[in-house]
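# Structural overview for review
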Amino acid sequence: MKKLLLIVPLLLLAGCSSSQTWGWYVIDPTTQSGWTNVKFLISGMWATIQISLIAAVLSIVLGLMVALPGLSEKRGWRWVNRIYVEFVRAIPLLPMLFWVFYGLPIVFQSMGLNIPIDPFWGAIITLAISDSAFTAEIYRAGIQSIARGQREAAQTIGLNYVQTMRYVILPQAIRRILPPLANQFIYIVKMSAFASVIGMQELTRRANELVVTEYRPLEIYTLLIFEYLILVLIISAGVRWLERRMGADERG
Amino acid sequence: MSEAAIELAGVNKWFGDFHVLKDINLTVNAGEKVVICGPSGSGKSTVVRCINQLEKHQKGAIRVDGVELTDDPKSVATIRSEVGMVFQQFNLFPHLTVLENLTLGPIKARGLSRKEAEEKARHYLDRVHIPDQADKRPIQLSGGQQQRVAIARSLCMEPRVLLFDEPTSALDPEMISEVLDVMVELAQEGMTMVVVTHEMGFARKVADKMIFMDAGEIVEEGHPEHFFTNPQSERCRKFLSQILQH
């Protein structure tokens, strides 16, 4: 992994020296204009992080609300879960983003509500809903992996459904749910790039804007990719730390 | 009639097309110990699981303390407060300590204070002879100890009836007797018990009534003395000879 991290920039630098197609000056932090450009690109980071974090939290809550009916003994409730998951999972992110950003305000208006949807919340709502279908499935699998006897034992000592979930099932399931949930967060971070097309000033949008003024797509998008790579590597490290802690807890 | 702790009348149950329980009639009086035996797949566990509504019966009536079990959540709540259950696989909560396993029900379902619940828990841990394991996790205990914790967990809810679903079947042989000893003590203290087991020594010692089930039916029912010495049906005789051989 470390080797790979060294090799990729070296190759790029080699390309730089051997031909005219590279123009790293665009993002050369040692020059004043280059540094201004780099700062401009990185300034989208905070928006990307904000959108991703808020969408992930919403998706985690929404996912649980969608997963629970899927575990019901009643067929009607299971259908609610199936329809939601299949439907949401089938919609590509970009069309859903357009629908939420351009379409949803019209729906609100026709209902007499004046709720504007800005790019920030448009992106968050879309990412959260789109991701919730996947988190719901993660919850479902995690909860189903807890032996049926646990639920039965909880019932025989008088716990109701909510208490059984809260004190018996979820504390056990969470150890199996958290790592895949954290992986799902990586997906959200990457998909947040789509927010650029509705005008959200995040990483990708900043890169696009700079490309338009500097005409240096290769260098700028290369830096963009590294920005996402660094974000995702940080999250990955967090996930591994989490898994180790959970594993240690399970053994202890 | 009024002293019947549990009454099953014409109970039928199907798993899909499979008729697991056929017209089960059974009365358990307060203080009585009933032992159910039979080959695997005979429906004996299902009877016990129907009594506390872990499984729903489709026909007939089950009454616990005169209250008929229906789909009404209230009737199920009544059962759960009066009937305790001990499982073959213990089903202790692995993420909680022994003490927390015992206090969860009393605190959350009964509204006891933590202090009251812990006092009660320690009392019952004492009763099952493991007073000094309260702060361990279930996984740190032996199978026999885990099952005794599970019994104590049921007792903490102070049930009027205790159901046992093959409580020693998942145990190593050397741990069976420590669990049976606790069960015998409970029986001697007057607990109403319905026990699904193949431990015939235990049955002889405590049972007031023996039930033999095969293919979803109660084939034979009687006092242990007659049951073991002079079984009436061929199926029961054959079953007893098979399990008593060793």
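For the structure, check the block above.
Here goes a summary of the coordinates provided. Predicted model, so just to flag it, every value in this text is computed and none were measured. (Residues numbered from 1 in each chain as written. Chains lettered and ligands numbered in written order. Predicted model: local features only at pLDDT ≥ 70, side-chain atom pairs only at ≥ 80, totals over all residues. Heavy atoms only, no water.)

### Focus: the overall build of chain A
Along its length, chain A carries 10 helices and zero strands. Traced from its N-terminal end to its C-terminal end, chain A shows the element sequence α-α-α-α-α-α-α-α-α-α. For chain A, the proportion of its 252 residues judged to be buried stands at 42%. When the accessible surface of chain A is totalled, it reaches about 14100 Å², and 68% of it is carbon and sulfur. (Helix = DSSP H or I, 4+ residues; strand = E, 2+ residues; numbered from the N terminus. Buried < 20%, exposed > 50% of the residue type's maximum accessible area, 1.4 Å probe, protein only. Areas by Shrake-Rupley, 256 points an atom, 1.4 Å probe, with all protein chains shown as cover.)

### Things to note about the packing of helix α3 (residues 98–108) of chain B against helix α4 (residues 114–127) of chain B
Residues and elements named next belong to chain B. Where α3 contacts α4, the two axes come as close as 9 Å, and the packing angle between them is 125°. Here α3 is positioned oblique relative to α4, judged by the angle of their axes. You can see that α3 and α4 cross each other, and the crossing is right-handed. Touching V98, L99, L102, T103, P106 and I107 of α3 are R114, A117, E118, A121, R122 and L125, all from α4. Residue composition of the contact of α3 with α4, by class: eight nonpolar, one polar and three charged. (Axes fitted to C-alpha atoms, helices over the stretch in contact; angles between N-to-C directions. Parallel < 35°, antiparallel > 145°, perpendicular 65-115°, else oblique. Left-handed = near helix turned anticlockwise from the far one by under 90°. Contact = heavy atoms within 4.5 Å. Nonpolar A, V, L, I, M, F, W, Y, C, P; charged D, E, K, R; others polar.)

### Observations concerning the layout of surface pockets
With a probe scaled to a water molecule rolled over the atoms, the places where space remains empty come into view. There is about 1300 Å³ of room inside the largest pocket. Lining the largest pocket are 33 residues, with A:E73, A:R151, A:Q155, A:Y161 and B:K56 positioned closest to its centre. Those elements that place two or more of their residues in the lining of the largest pocket are α6 (119–144), α7 (148–156) and α8 (161–191) of chain A together with α2 (73–82) of chain B. Within the lining of the largest pocket, the residues separate by chemical class into 14 nonpolar, eight polar and 11 charged. (1 Å grid on protein atoms, 1.4 Å probe; cavity = no way out; pocket = protein on both sides within 12 Å on 5 of 7 lines; lining within 4 Å. Points joined across faces, edges and corners; volume = space filled by probe spheres on them.)

### Considerations on the sheet that holds strand β1 (residues 4–15) of chain B
All names here are of chain B. Strand order in the open sheet made by the four strands is β2-β1-β4-β5, with antiparallel pairing throughout. Either end of the sheet is taken by a strand with one partner, and the two such strands are β2 (18–29) and β5 (67–68). In terms of strand pairing, β1 meets strand β4 (residues 59–64) through five bridges, oriented antiparallel. Directly across from I6, in β4, lies its bridge partner V64. Helix-sheet contacts for helix α1 (residues 44–51) involve β1, β2 and β4, and the interaxial angle to β1 is about 120°. (Pairing = 2+ DSSP bridges.)

### Here we look at the interface of chain B and chain A
If you look at the interface, chain B gives 19 residues, while chain A gives 17 residues. Among the residues chain B hides against chain A, the three largest losses belong to B:R80, B:H95 and B:K108. Together they make up 31% of the total. Our count for the contact surface shared by chain B and chain A stands at one salt bridge. Across the pair A:E152 and B:R49 runs a salt bridge, and its minimum N-O distance is 2.6 Å. Of all the elements in the fold, those that place two or more residues in the side of chain B that touches chain A are β6 (83–86) and α3 of chain B. The element contributing the most residues to the side of chain B that touches chain A is α3(B), with three residues. (Buried area = accessible area lost by both parts, 1.4 Å probe. Salt bridge = Lys/Arg side-chain N within 4 Å of Asp/Glu carboxyl O.)

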